[in-house]
Amino acid sequence: MTADVELDRVSVRFGGFTAVEGVSLKIEQGEFFSFLGPSGCGKTTILRTISGFVEPSQGAVRIGGRDMRGIGPNRRPTALIFQSLALFPMMSVADNVGYGLRVRGVGRRARRATVERLLALVALSDQGGKRVDDLSGGQRQRVAIARALAVEPQVLLLDEPLSALDLKLRQHMRTELRAIQRRVGLTFIYITHDQGEALTMSDRIAVMNRGRIEQVGDARSIYEAPQTGFVAGFVGETNALPGRVVAVADGEAEVATALGRFRGRNPRRLMAGVAAVLFVRPEFLHPGGGENECAAEAVDLAYEGSVTHLALRAADGTRLTAQLAAAARSAAPAPGARLRLGFAARDAIVLPPAATDA
Amino acid sequence: MRSAGTHWVLLLLPFAVIAALWIAATLERRGGPGFVRRNGAVVATYLLLAVGLWALVMIVLPQISMVELSFRPKLPAAQMGGPRDVYTLENYRYFLFGSTVSTAHWNVTHLHAFGLTIVASVLVAAFDFALCYPLAFYMAQSAPPRRVRLLLLLLIAPYWVNEILRAFAFRIIFATSGLLNTLLLGAGVVAQPVDFLGLDVGMYAGLSYAYLLLMVFPLYNAIESLPHSQIEAARDLGAAWWRIHLDVVMPYARPGIASGCTLVFMLTSGALAAPLVLGGPRSLWFTPIVYDRFYQAFNWPQGAAYACVLLLACVGFVLTVLRLSRLSLGQITR
């Protein structure tokens, strides 16, 4: 595998504000790569840096091994799909798709053949003559994809393209985007703040916070083995129990928290005596006993079909959430009931506290 | 004098039109909440009366009386309403063929001025568009808000000065011993002062400047609503900057372009101050000729006919252009 897009210590500053700080990354040919992070974390700036609308203040962007410095967005081998899609309302669907070829001086006949092929690829073969405004949201989405693919980019960049769609369509478009990516075999770089999108579609994910990359990995490692407190808290639901490490042994650490002493995995090899946070996901918190145990009072039950969310309050007021699978629903306590909660040490993880105010 | 019947028609017409508007408003109510329901009876009545009266008294009636006047012969006051006061095409014939005693086949002077006015107005509109488009684009898409406000102020401030005064200011700039010539002579660019006014440079500059704002604002409004992402999308797809303007910005701003060009064209072809004050001795703009019909020749019917010809030509021209560019009148007033 060759690196298709390479970010080499890229920093982007706007005036006194640092949007991206020292990001280094290699994205491989044919990979579906996502940048995941809260709004303002710099992920859109990274995308605009790769597409050429923003020049890095420091560092280099290389695409296919070639340094992109000084090369404008109209001459880079990338195509960007905008959050707003930015389809041209005064052109027909076919003219939108063929626009990139038209400005490259491709003849009318060759253009029509490509447009037809791409409209077929996104299942819009009979819609070429329509106005963009006459299409539905999902269809417009697919026109934007076809328009970007028409210029045969080496890398396709997608800036939260699904955020304007309703939930059902968004889930459908996830599968569709993934299928299109497999069919054309291009490198996709995807920007999103929606962890569901990032986890389901991506080969690899970079979780970003405050202009820096916190962790890069596939969906499983991001979700199951977060390396920082920010990643553990941002990706998926979790219960965070701050405290201090009191003992370490066999890759596990024991943390003294307000609710008691708990053991969890210790991937960062924290030493005894340092401040730490123990994270345990709601689906691993069961009523009944376990290696780690604490007492809490059930506050509220929220039934959501496949799972039931259980809101709890510990003796000191700490709020906890647990998730009961449908099979375990009979074990659900009534609101107000006091119960014991337990979780296994391998399901909890001990990480340094997130440096939120650096 | 005119017959009493004409006066009655003129007096009753406003009320007839208001009644018609009222009926139209009532009919509109059939589909959903109508005009009266939406605004309340008092406001609705006020709107109908105010708009109806304004449109009629200020626009429709004077125009009708001008059209009527243009078909009458020029007569001494004593003979008006007399046996010789009959409808005639004489004034229009004069525009085309000139005086009955002249030997020329056509009224060359007036026809030439008329044609020149139309052509020059088109050129002025085109020139203003070329001048204003980059400015409007910059203000609408690139400039920071603070600079936009400053630019708007700089654009508007000169228009606080009266139009005639502005025309005289241009005279001072372009006169043989004026500012521009002094500068050019001082810099050694020319050896002799250039007769800018005689060459009509002053007049065309004055005409171009007179209605500049009416080009800037429609363009600015139209371009401002274009999402910046469309420009970036075109750029990302490989378009050069001039293609982006041609393919994305201008088609999007078409209603604004049409609106600006129509306004500038119409007002330029009917402009009076700039041609009167800045026109060289050989320049023949059509509006001073119309003015002369009224106030030099005291031939009001003929002046009315000339004004009608100009108005009809301009309206016809504008409608043709709109038809060719496939825009409706409603779109450019948005």
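Just so we're clear, the structure is a prediction, and the values are computed from it rather than from any experiment. (Residues numbered from 1 in each chain as written. Chains lettered and ligands numbered in written order. Predicted model: local features only at pLDDT ≥ 70, side-chain atom pairs only at ≥ 80, totals over all residues. Heavy atoms only, no water.)

**Student:** Quick question: what am I supposed to make of the overall build of chain B here?
**Tutor:** Scanning chain B from N- to C-terminus turns up 17 helices and 0 strands. With the C-alpha coordinates of chain B rotated into their principal frame, the extents come out at 75 × 70 × 35 Å. The burial tally for chain B puts 40% of its 334 residues in the buried class. Long-range pairs, those at least 24 residues apart, make up 64% of the contacts in chain B between residues at least 6 apart in sequence. For chain B, the exposed area adds up to about 18,900 Å²; of that, 71% sits on carbon and sulfur atoms. (Helix = DSSP H or I, 4+ residues; strand = E, 2+ residues; numbered from the N terminus. Buried < 20%, exposed > 50% of the residue type's maximum accessible area, 1.4 Å probe, protein only. Contact = heavy atoms within 4.5 Å. Areas by Shrake-Rupley, 256 points an atom, 1.4 Å probe, with all protein chains shown as cover.)

**Student:** Please clarify how the pairing of strand β7 (residues 155-159) of chain A should be interpreted in this entry.
**Tutor:** For a regular strand, side-chain orientation follows a simple rule: the groups alternate between the two sheet faces. Residues and elements named next belong to chain A. The element β7 is largely enclosed, with a buried count of 5 among its 5 residues. Judged by which residues are buried, β7 turns out to be covered on both faces: V155, L157 and D159 on one side and L156 and L158 on the other are all buried. Of the pairings in the sheet, the one linking strand β6 (residues 78-81) to β7 comprises 4 bridges and is parallel in character. Counterpart to A79 in the pairing with β7 is L156. Direction of pairing for β7 relative to strand β8 (residues 187-192): parallel, over a ladder of 5 bridges. Each bridged residue has a counterpart across the sheet, and for D159 the counterpart in β8 is I191. In terms of handedness, the path from β7 via helix α5 (residues 167-184) over to β8 forms a crossover that is right-handed. (Pairing = 2+ DSSP bridges. Right-handed = clockwise from strand over helix to strand, strands pointing away.)

**Student:** How should I be thinking about the pattern of salt bridges in this particular structure?
**Tutor:** For side chains bearing opposite charge, pairing can occur when the charged atoms are close. Residue and element names in this part refer to chain A. Evaluated as defined, the whole model comprises 22 salt bridges over all chains. Here K43 ties to E160 by a salt bridge, and the two come within 3.6 Å at their closest N and O atoms. Taken together, the residues K43 in helix α1 (residues 43-51) and E160 in the loop between β7 and α5 connect sequence positions 117 residues apart. Assigned by exposure class, K43 and E160 land together as buried. The salt bridge partner of R340 is E293, with a shortest N-O separation of 2.9 Å. Of the two residues, R340 sits in strand β19 (residues 338-343) while E293 sits in strand β16 (residues 292-303), which places them 47 residues apart along the sequence. When its relative accessible area of 35% is taken as the criterion, E293 is described as partly exposed. (Salt bridge = Lys/Arg side-chain N within 4 Å of Asp/Glu carboxyl O.)

**Student:** Even after reading the chapter, I still don't get the sheet that holds strand β3 (residues 32-36) of chain A, so can you show me in this structure?
**Tutor:** Backbone-to-backbone hydrogen bonds join strands into a sheet, with any given pair of strands oriented parallel or antiparallel. Residue and element names in this part refer to chain A. Spatial strand order, β6-β7-β8-β3-β9-β10: 6 strands in an open sheet with mixed pairing. What marks the edges here is a single partner per strand, and that holds for β6 and β10 (212-217). Strand-to-strand twist in this sheet, taken as the mean axis angle between neighbours without regard to direction, amounts to 20 degrees. Across 5 bridges, the pairing between β3 and β8 is parallel. Paired with F32 across the two strands is F188, which belongs to β8. (Axes fitted to C-alpha atoms, helices over the stretch in contact; angles between N-to-C directions.)

**Student:** Would you explain the domain arrangement of chain B in this entry?
**Tutor:** By convention, interface size is frequently given as the accessible area that disappears when the constituent parts associate. Residue and element names in this part refer to chain B. Each assigned domain of chain B is listed with its residue range as follows: domain 1 (4-70) and domain 2 (108-332). Taken over C-alpha atoms, the centre of domain 1 sits 34 Å from the centre of domain 2. The partner domain 2 presents 7 residues to the 5 residues of domain 1 that form the contact. Where domain 1 abuts domain 2, roughly 460 Å² becomes buried across the two surfaces, and 84% of that area is made up of carbon and sulfur atoms. Our enumeration of links across domain 1 and domain 2 arrives at 0 salt bridges. For the pair domain 1 and domain 2, the interface holds 0 residue pairs in polar contact (both at pLDDT 80 or more). A class-by-class count of the residues in the side of domain 1 that touches domain 2 yields 3 nonpolar, 2 polar and no charged. (Domains from an automatic or database assignment. Buried area = accessible area lost by both parts, 1.4 Å probe. Polar contact = N/O pair within 3.5 Å; in protein donor to acceptor, adjacent residues only side chain to side chain. Nonpolar A, V, L, I, M, F, W, Y, C, P; charged D, E, K, R; others polar.)

**Student:** I would appreciate a short explanation of helix α4 (residues 90-97) of chain B in the present structure.
**Tutor:** For the α-helix, the turn length of 3.6 residues means that residues three or four positions removed from each other point alike. All names here are of chain B. Turning to α4, its buried residues number three or more, namely N91, Y94 and F95. The buried residues of α4 occupy an angular sector of 100 degrees when the element is viewed end-on, so they sit on one face. In the stretch just after α4, G98 is the one whose phi turns positive, near 80 degrees. (Arc of directions from axis to C-beta.)

**Student:** Sorry if this is basic, but what is going on with the sheet that holds β19(A) here?
**Tutor:** All names here are of chain A. Ordered by their spatial adjacency, 5 strands build an open sheet running β15-β19-β16-β17-β18, and the pairing between neighbours is antiparallel. Strands at the two margins of the open sheet, each flanked by one partner only, are β15 (286-287) and β18 (319-325). Summarising the sheet, strand β17 (residues 307-314) and β18 pair through 7 bridges and their orientation is antiparallel. Paired with H309 across the two strands is Q323, which belongs to β18.

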